[in-house]
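# Notes for the structure review
Okay, here's what each chain looks like letter by letter:
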Amino acid sequence: MKRAAIFVWLMMLSSYSMALTPWSKGGFETGMYRNLFVEMGYNEEDVNAKLKEVFNDVFHGSNKVYFEVGDTLGYISDIKNHDVRTEGMSYGMMIAVQFSEKDIFDRLWRWSKKYMQHQEGSRKGYFAWSCKLDGRHNAEGAASDGELYYITALLFASNRWGNHTGINYKAEAQHILNCIQPREFEPEHTPAFGGMGGFRQQSGPQKMYLIDPETQLITFTPDGFGQRLTDPSYHIPAFYEVWARWADDGRADYWNECAAKSREFLHKAIDEKTGLNADMCQYDGSQMQMPRFPGSPTNAPRRFGNNNFRYDSWRVPMNIALDYEWSCSDGEWQRQYGERIQDFFYSQGVDTFVDQYRVDGSLPEDDEILQAGGVRKLRHSIGLVATTAAASMMCSHDKSKEFVDALWNAKHVPYEDGYFDAYYDGLLRLFAFMHLSGNYRVILPR
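A separate point is the nonpolar core. Formed by 136 residues in total, the largest nonpolar core has its most connected members in Phe105, Phe239, Trp243, Trp326 and Phe345. Counting residues per element, this core draws most heavily on helix α7 (residues 144–161), at 10 residues. In this structure Trp243 touches Leu148, Ile151, Thr152, Leu155, Leu177, Asp248 and Trp255, once residues within four positions along its chain are discounted.

Put into structure tokens, the structure is as follows:
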């Protein structure tokens, strides 16, 4: 009896050790994906049921963010901001193609094409990043991550469903890829960008591009101001590898170079001690510089909220995990990064860390905190709980299971003060469950 008990204990220990051994090859090469939940002891049927539940929360539940319009259209709304964003629309398309939900995918694409994509003019092919629920534009400019996801999701749709079922997905992706190449652009106006250290959009003809030609890094926005900087959360090198393999646009070598450059950038943009990164930064990974206001002491610290780890930054651990799972081209560094950032949040308490920090790990002052839902407040947000758990895909330390357990047990419900984010928190939560269950995959041609 004692010998049998010891054998069972050793088998359990062996199984848990397997869960803490990251893979050395990615899905592009192996076609295999880890179900980390199951490796860590969760029942596979429970995992499948939980994934379906989280999907339904986003698309069909009482707090859903997906809405259908007529027989052919649909949109995803940032509920608390009462708008439709390219971020959410392209995320929704990526989720839909991963789950083989063709009707949802096609509805989101048709809405995006009809209302968001510019069909003519200097912005042709780009998407207005924010629209009202009826499709009217809140802004004409693009946010570069939207195009990044649209292209990749369309190529996966082409691989999964072909191009003869009503939408030529590959042709749509190629159209965007052609439109994002550098071309002349005449800015409509030249305002100072709110609080961005006095940067002003240049006047006169300029080049518009999604990828900075000099550094081969994705822009913050493809316009006069936003092309001067980048957003670390927009860097998903494996997406470029998807373009190189299946876009057939004659730029395969270039896209593979962009993937390599993006990985190099992340090394520079992420703090070596904490694993945190700024919300946005220069192309060399350095922080944005805030000018001193007249009369301020020369030794006063230059605090600038965009140099902090906050909402956009939450996506970086999950994005690096995706590149690790699919490509594993930078596996050694990515494994170190995964444990580094989990070490930091573990030091803050797995159940108590907040959602905004300076990159050195200190807390921001009130005027640096980015508000959400009209409230300027630090929270233990489920969106960040989700992405730190997804980082476990890269880790081999015991702490990673605590992050996975925290996500599994977290309830996506309103806070005591009534604040609730069905959109951003909900989408990141779903992506994390897809990662950890092995259901966020490279979709190969049929």
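Our next topic: the packing of helix α5 (residues 86–98) against helix α6 (residues 102–116). It is at 8 Å that the axes of α5 and α6 come closest, and there the two elements cross at 155°. Between α5 and α6, the angle falls in the class roughly antiparallel. Crossing of α5 over α6 shows left-handed handedness. Residues Thr86, Met89, Gly92, Met93, Ala96 and Val97 of α5 touch α6, and the partners they reach there are Ile104, Phe105, Leu108, Trp109, Trp111, Ser112 and Met116. When the residues that make up the contact of α5 with α6 are grouped by side-chain class, the tally is 10 nonpolar, three polar and no charged.

Summarising burial for strand β2 (residues 73–78): six of the six residues are buried, a large majority. Where burial is concerned, the two faces of β2 agree: the one with Leu73, Tyr75 and Ser77 and the one with Gly74, Ile76 and Asp78 are both buried. In this sheet, β2 lies alongside strand β1 (residues 66–69) in antiparallel orientation, the contact comprising four bridges. Counted as the bridge partner of Val69 is Leu73 from β2. Linking β1 to β2, which pair antiparallel, is a turn of three residues; within it Gly70 sits at a positive phi near 65°. Pairing geometry for β2 and strand β3 (residues 83–85), over two bridges, is antiparallel. Residue pairing for β3: Asp78 is matched across the bridge by Asp83. Counting the residues between successive antiparallel strands, the hairpin from β2 to β3 contains four residues, one of them, His82, with a positive phi of roughly 55°.

This part takes up helix α10 (residues 252–269). With 18 residues, α10 should reach 26 Å at 1.5 Å per residue; the first-to-last C-alpha distance of 26 Å fits that figure. For α10, the full list of buried residues reads Trp255, Cys258, Ala259, Ser262, Arg263, Phe265, Leu266 and Ala269. With its buried residues spanning 160° around the axis, α10 presents them on a single face. Exposed and oriented more than 90 degrees from the buried face of α10 are Asp253 and Lys268. Lining the buried residues of α10 we find α8 (169–179), α9 (237–246), α11 (315–326) and α12 (331–347).

Basis of the calculations
Residues numbered from 1 in each chain as written. Predicted model: local features only at pLDDT ≥ 70, side-chain atom pairs only at ≥ 80, totals over all residues. Heavy atoms only, no water. Core = buried A, V, L, I, M, F, W, Y, C linked by side-chain atoms within 4.5 Å. Buried < 20%, exposed > 50% of the residue type's maximum accessible area, 1.4 Å probe, protein only. Helix = DSSP H or I, 4+ residues; strand = E, 2+ residues; numbered from the N terminus. Contact = heavy atoms within 4.5 Å. Axes fitted to C-alpha atoms, helices over the stretch in contact; angles between N-to-C directions. Parallel < 35°, antiparallel > 145°, perpendicular 65-115°, else oblique. Left-handed = near helix turned anticlockwise from the far one by under 90°. Nonpolar A, V, L, I, M, F, W, Y, C, P; charged D, E, K, R; others polar. Pairing = 2+ DSSP bridges. Expected span 1.5 Å × (residues − 1). Arc of directions from axis to C-beta.

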